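Each chain, letter by letter, is given below.
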Amino acid sequence: MKRQNPAPGASGNLAPPKPAKRKDLPREDVTFGNPGRGSRPGGARDAKRAKLVDDRSIAAQPSHAALQDGELNVQSFVNSLSFEINAMDESMRRTKTNRASRAFQRVPFRMRRRAAAHNHKRIPRRLQARAKREMAEDNTPTVNSKTRKPGTTRARLRAQTARKLEILARRKKLRKLKSSGVDEETISVRMARPKIRRNATNQPIITARKFRKRQISKTWLPTHLWHAKRARMTPPTQPLWRFAIPLTPTQKVYRPTHRIQWEKGAMAWDMSYMSTIGLSGAHNSVQNVLKSLGLTQEALWNDKAKRWRSGDMHWTGMLSRRSKGVSHVIGPGTIIWNPVGKVDDVDQSKRFRQLYVRVHPSAFLETFNELLRLTKMQHPRPFVEDLRFEVGSIDVTGPDSTEALLGVLKPYLIKSESREPHASRFESLAGLRDPGALPAGTLLAFSIVDPRLCYPPRQVAIPSLPGQKAQATVLGTISALRKEEATKPYQLFDRDVRFKASKLPSQRSLNRRRGKGAPGTALKPTAADPPIPVILLASHHCTSSQSPSVWTVMLPWKCVLPVWHSLMHYPLSTGGNPWFGGLDEIRQLTFERGLPWFPGDMPGTDAGKTWELDERCVRYKAWDRMPKGKRVNWESFDLGAGRKGEIGTGWSCDYELLFGLETANPSDQTPADGHTEDRGSKAAPENENQARVQPLESVTQVTKPIFTSCQSSKSELPLTSLITVEIKMLARGVPATCARIYRLPDAPLAIASTQVEVPATMPPLPKGKNGLPPDLYSQWVAKKPARGRGVRKFAAARPKKLDLEARKQLLAQQLMGPPAPFPPPSPNSADINGHPLCPDEEDLIGFVTTGSFNLRDGRGEAIGSLSATRALEEFRRYEKKDDPAPGLCIVRNAGQNIGWLARWKLI
């Protein structure tokens, strides 16, 4: 029920009446344009409305001026109307420009774009003419869609699709000419063959256009997209040797990698970043170039190496160059000759020969420039080709590596011809566990079919024979590989064959062909499936016969991905599939084999110097990021016997200190901004690069044959030369990178006593140099474990039973010797908790480049670089057979004051 309000003036507890609402102020009281503090909130809106009304108002004047005595004066009437007409015209002009919208603003909100004002074709057709006229009036810059460079991924995809449609339209137009009698060769459209320049470097291959911008400063491997999802890659801004290289898989593979190498399984790497250089010309010219490249051994040019020069095997060794009369090691390389068959009408010295030089990418530019220099001195001059992006490679290792390759590499059967001889030899290797059992330099070259035709790969049937028969079969196959046969030229050397092999059918066409047959049926090769030429190389390590070897598959660059996919999905007979590895796994396996890894373990080469300088920056940044309370203070570091400070720079292998070169400040060795070069991938400024490498320019690398010859001939080596050695710890201790390597200090010489009463005894020895104990040599020799059955005997142990004469000598030495010093020396003056002190800087002979715990031997091992002159002195120092310390050294990690006894040998 609605409540009624009481009448005015009635009594009761009623609220007083509400005041009447304030009336709005009159219009003339409102301030427009710039309202004051007391103006209403709607003043600005009213001012805008007043301006709009004023723009649309038409001024007029009374027309009675044209009327005179009731009669119309025409002239006056026209004059009065002319003012109104002009006012209306002016009002229409103002109305047109006020709150007028452009054509681009008349489209719906969902179609509006901020950048649409530059193209009138992006609006509806009914407004295109108006927009074009407005753009012409306002002088708006326009863009031609045909010459515009796409700036987004979507635009690039649209441009790429438009190009493909244009190619299809052109192909359709050409096929229509078939009815007019044009031959099939004219109608067909093929991909342009890539250009290969002679005596000059070539550009990387053209990849997918949508990924081209990501490869401005680097090149992707053929399997980059596959690895990018499963491995840790090099940073995008810091490529390695101008390549995006997988460093290690995302899953933990350290122990599986060790087991794969020595027990069972297989592991593969995409090694397409290895550089291939082609050398072609007259036989004598090519031979002279190789001799100038360091292949001066007589065994390479006599009848023993006839099979290598004929192309039946490959050679792997160190390449070198000469500069200012000094030999500089470039790095390891592999040389493969192309067979020429039997040609009797041409002189052998003038016969045209081809060969491949396969080197590490860090040494490619140095090798290529040296080949160019050497070819200019030959007549007739051979030519050099850069085949880095023409030939790719895959490395496979492990006991099951041969089985995996047999299941993926199916020989290509040519109609009306027999199987290729090398293909038959390769198929006869079923059951081979280690390619290292093959003869040194084994090479197999044949053609294979596209692995996608037989995808997924099926397990190879290994012959089940008794142990002795299976071994005899493998030995018979191995002995057959030693026979010399006249082979045909390898197809991988033919440029046209490589190009045809790169034009593989698309996966969509293969799926269409597979859909027409029964499920699980392998496709048969047709004319549309070109053969893929491959070359198989079986590496052989000369350091240890027990070290497993590696299969290297060389094939065209664009054929690497199909082979890789099938290899990763091959079912091994021992279970599982082959693993894939990165750069860290290569270094791990090389270390466990006791071999140096190039370029990190060869700092005497140009590539090794660049690697060492870049690694210094990386280690410095890691040290600098640590809190000051947790990182090592190199200046106040205590080495014992009053010695303070680390020897050299703690985060580097300080070869400048070892050879007494002009060393820069530690801060100068690292860029101020902490930026590191990509280890030879980017061309740094010339002056800056020279300033960084200048202290190490005089450092050279010495190979084992040269060192051995100098040792036997008593000749001297350059003072700033390095030799690579393998270091094995004799007891405890795990060496790390940048560890210091010392030789044993000199033993004190025994001086005969001049007193008759005391026969020849050692007089009291003075305090050693730099506070070190005088018997430091005997302390370290006593740490050497003697050969025995589990019992460690010390070589310098004191005999338990002494005769009477020996007791008299000891008593005389105690009575006539100097008294014990007071106060007694600190506990670490002669040792550190019972451990001998490390020698001083004068006994420093090298640094550790790679060190870790070897899972195979169960102890710490390392690869180091020693001063060649000091290593030669060590050999001459212990020439006697009864010397207790031949090849002994002391290894101390940087930042630690305890060293460990080890033994080194040449590699």
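All chains use their own residue numbering, which begins from 1 and follows the written sequence. Given that this is a predicted model, residues contribute local features only at a pLDDT of at least 70 and side-chain atom pairs are listed and counted only at 80 or more, while totals for whole chains, interfaces and linings are drawn from all residues. Where side-chain values are given, they derive from all heavy atoms of the structure, hydrogens and water being excluded.

Caption draft 1: Spotlight on the overall build of the protein chain. Only runs of H or I of at least four residues qualify as helices and only runs of E of at least two qualify as strands under DSSP, and these elements are numbered from the N terminus. Looking only at helices and strands, the protein chain has 24 helices and 28 strands in total. Partly exposed describes any residue whose relative accessible area lies between the buried limit of under 20% and the exposed limit of over 50%, with all areas from a 1.4 Å probe on protein chains only and scaled to the type maximum. The buried share among the 907 residues of the protein chain stands at 42%. Residues are treated as being in contact if the distance between any of their heavy atoms lies within 4.5 Å. Look at the contacts in the protein chain between residues 6 or more apart in sequence, and 74% of them connect residues 24 or more apart. For the protein chain, the computed accessible surface area is about 53600 Å², with 53% contributed by carbon and sulfur atoms. Accessible surface area values rest on a Shrake-Rupley calculation with a 1.4 Å probe, where residue burial reflects the displayed protein chains alone.

Caption draft 2: The arrangement of the environment of Pro 457 in detail. Among the secondary structure elements, Pro 457 is positioned in the loop between β14 (442–448) and α13 (467–481). What makes Pro 457 buried here is its relative accessible area of 8%. Considering only alpha carbons, one finds Pro 457 and Pro 571, 114 residues apart in sequence, at a separation of 7.6 Å. With residues up to four places along the chain from it excluded, the contact list for Pro 457 reads Gly 407, Ser 566, His 569, Tyr 570 and Pro 571.

Caption draft 3: Spatial organisation of the sheet that holds strand β8 (residues 275–282). In space, the five strands of this open sheet follow the order β9-β10-β11-β8-β12, with antiparallel pairing throughout. Across the chains shown, the open sheet's two edge strands, defined by having one partner strand only, are β9 (315–323) and β12 (383–386). Along the sheet, successive strands turn relative to each other by an average axial angle of 35°, direction set aside. In short, DSSP must find at least two bridges between two strands for them to pair. Both β8 and β12 contribute to a ladder of four bridges, which runs antiparallel. Note on β12: the bridge partner recorded for Leu 279 is Val 384. Where helices are involved, their axes are fitted lines through C-alpha atoms of the stretch in contact, as for all axes, and angles between N-to-C directions lie from 0 to 180°.

Caption draft 4: A look at empty space enclosed by the protein. In this analysis the probe radius is 1.4 Å and the grid spacing 1 Å, with only protein atoms considered; a cavity is a set of points the probe fits into but cannot get out of, a pocket is an open set with protein on both sides within 12 Å along at least five of seven lines, and lining residues have an atom within 4 Å of a point. Grid points are joined across faces, edges and corners, and a volume is the space filled by probe spheres set on the points. All chains considered together, the criterion is met by five cavities of 30 Å³ or more. There is about 60 Å³ of room inside the largest cavity. Around the largest cavity sit Gly 407, Val 408, Lys 410, Val 449, Asp 450, Pro 451, Cys 454, Pro 457 and Ser 566, which together line it. Within the lining of the largest cavity, the residues separate by chemical class into five nonpolar, two polar and two charged. Residue type decides the class: Asp, Glu, Lys and Arg count as charged, Ala, Val, Leu, Ile, Met, Phe, Trp, Tyr, Cys and Pro as nonpolar, and the leftover types, Gly among them, as polar.

Caption draft 5: Spotlight on the nonpolar core. Buried Ala, Val, Leu, Ile, Met, Phe, Trp, Tyr and Cys residues form a nonpolar core when they are joined through side-chain atoms within 4.5 Å. With 43 residues, the main nonpolar core has Leu 405, Leu 409, Phe 426, Leu 438, Phe 446, Leu 536 and Leu 567 as its most contacted residues. No other element matches the five residues that helix α16 (residues 560–568) contributes to this core. Not counting residues up to four positions away in its chain, the partners in contact with Leu 438 are Leu 429, Leu 432, Ile 478, Leu 481, Ala 538, His 540 and Trp 551. Core analysis: the second largest hydrophobic core is formed by 31 residues, Ile 647, Leu 837, Phe 847 and Ile 890 among them.

Caption draft 6: Spatial organisation of the packing of helix α21 (residues 704–713) against helix α24 (residues 868–877). Relative to each other, α21 and α24 sit at 45°, their axes nearing to 11 Å. One finds that α21 runs oblique with respect to α24. Crossing angle aside, the handedness with which α21 passes α24 is right-handed. Every residue of α24 that contacts α21 at Phe 707, Cys 710 and Gln 711 is listed here: Ala 868, Ala 871, Leu 872, Phe 875 and Arg 876. Throughout, the term roughly parallel applies to angles under 35 degrees, roughly antiparallel to angles over 145, roughly perpendicular to angles from 65 to 115, and oblique to all others. When the near helix sits turned anticlockwise from the far one by under a right angle, the crossing is termed left-handed; a clockwise turn instead gives a right-handed crossing.

Caption draft 7: Focus on a positive patch on the surface. Together, Arg 122, Arg 148, Arg 154 and Arg 158 make up a positively charged patch on the protein surface. Here Arg 154 shows up in helix α4 (residues 153–175). Classification of Arg 154 by relative accessible area gives exposed; the value is 68%. To count toward a patch, a residue needs a relative accessible area above 30% and no salt bridge. Like charges then connect within 9 Å, nonpolar side chains (Val, Leu, Ile, Met, Phe, Trp, Tyr) within 5 Å. A pairing counts as a salt bridge when a side-chain nitrogen of Lys or Arg comes within 4 Å of a carboxyl oxygen of Asp or Glu. Neither His nor the chain ends is counted toward charge; the positive residues are Lys and Arg and the negative residues Asp and Glu. In plain terms, the charge of a residue is placed at NZ if it is Lys, CZ if Arg, CG if Asp and CD if Glu.

Caption draft 8: Quick look at the pairing of strand β10 (residues 326–337). In terms of burial, β10 is largely enclosed, as nine of its 12 residues are buried. Both β9 and β10 contribute to a ladder of nine bridges, which runs antiparallel. When the sheet's bridge partners are listed, Ser 320 is paired in β10 with Val 329. Between β9 and β10, which pair antiparallel one after the other, the connecting turn spans two residues, and Lys 324 there sits at a positive phi close to 55°. Taken together, the five bridges between β10 and strand β11 (residues 352–359) define a ladder with antiparallel strand orientation. When the bridges of β11 are listed, Trp 337 appears paired with Leu 355.

Caption draft 9: Region of interest: the sheet that holds strand β7 (residues 267–270). If you walk across this open sheet you meet the six strands as β14-β15-β16-β13-β7-β17, and the pairing is mixed. Every interior strand has two partners, whereas the edge strands, β14 and β17 (579–580), have only one. Across four bridges, the pairing between strand β15 (residues 532–538) and strand β16 (residues 550–556) is antiparallel. Along β16, the bridge assignment pairs Ile 535 with Met 554. The strands touched by α16 are β7, β13 (391–397), β14, β16 and β17; relative to β13, the strand with the most contacts, the crossing angle is about 15°.

Caption draft 10: Fine view of the pattern of salt bridges. Within the structure shown, the criterion is met by 27 salt bridges. Between Glu 385 and Arg 198 there is a salt bridge, with the nearest N and O atoms lying 4.0 Å from each other. With Glu 385 in strand β12 and Arg 198 in the loop between α5 (184–187) and β3 (219–220), this residue pair connects regions lying 187 residues apart in the sequence. Residue classification places Glu 385 among the buried residues on the basis of a relative accessible area of 18%. With relative accessibility at 52%, the residue Arg 198 sits in the exposed group. Glu 716 is the salt-bridge partner of Arg 876, the closest N and O atoms lying 3.4 Å from each other. Here the residue Arg 876 occupies a position in helix α24, and Glu 716 occupies one in the loop between α21 and β21 (721–729), the gap between them amounting to 160 residues. The exposure class of Arg 876 is partly exposed, given its relative accessible area of 27%. Three or more residues are tied together by salt bridges with common partners; here these are Glu 612, Glu 615, Arg 616, Arg 619 and Glu 656.

Caption draft 11: Quick peek at unusual backbone geometry. Residue Pro 456 is reached from Tyr 455 by a cis peptide bond, and omega for that bond is -5°. Examined against the element boundaries, Pro 456 turns out to sit in the loop between β14 and α13. Residue Pro 599 follows Phe 598 across a cis peptide bond; omega there is 5°. You can see Pro 599 is positioned in the loop between α17 (583–592) and α18 (606–625). The backbone phi angle of Asn 199 is positive, close to 60°, even though this residue is not glycine.

Caption draft 12: Layout of α18. Under the convention used throughout, the expected extent of a helix is 1.5 Å for every residue step, that is, one less than its residue count. Relative to the 28 Å expected for 20 residues at 1.5 Å per residue, α18 spans 29 Å between its end C-alpha atoms, a close match to the ideal helical length. Turning to α18, its buried residues are Ala 607, Gly 608, Lys 609, Trp 611, Glu 612, Leu 613, Asp 614, Glu 615, Arg 616, Cys 617, Arg 619 and Trp 623.

Caption draft 13: Here's a closer look at the packing of aromatic side chains. The aromatic pairing rule takes the rings of Phe, Tyr and Trp, using the six-membered ring of Trp, and pairs them if the centres are within 6.5 Å, calling planes under 30 degrees apart stacked, those over 60 edge-to-face and the rest tilted. One pass over the structure, following the stated rule, counts 22 aromatic pairs. Centre to centre, the rings of Tyr 620 and Trp 623 are 6.0 Å apart; their planes meet at 35°, and the pair counts as tilted. Placement of both Tyr 620 and Trp 623 in helix α18 is noted, with a separation of three residues, approximately one turn of the helix. An aromatic cluster is defined as three or more aromatic residues linked by ring pairs; in this entry it consists of Trp 241, Tyr 273, Trp 597 and Trp 611. The ring centre of Trp 597 lies 4.5 Å from the NZ or CZ of Arg 587, which sits over that ring. Consider the ring centre and the ring normal. A charge sits over the ring if Lys NZ or Arg CZ is within 6 Å of that centre and within 35 degrees of that normal. Over the ring of Trp 623 we find Arg 631; its NZ or CZ atom is 4.4 Å from the centre of that ring.

Caption draft 14: A look at the confidence of the model for the protein chain. Per-residue confidence from the prediction method is given by pLDDT, with values spanning 0 to 100. Across the protein chain, the average pLDDT comes to 82, with 79% of residues at or above 70. Scored below 50 in pLDDT, residues 670–693 makes 40 contacts in the model with residues more than four places away or belonging to other chains.

Caption draft 15: Representation of the environment of Thr 248. Locating Thr 248 in the fold gives a position in strand β6 (residues 246–249). A C-alpha to C-alpha distance of 6.9 Å links Thr 248 and Glu 585, two positions 337 residues apart in sequence. Once you skip the residues sitting within four places of it in the chain, Thr 248 turns out to touch Ala 231, Arg 232, Val 253, Gly 582, Asp 584 and Glu 585.

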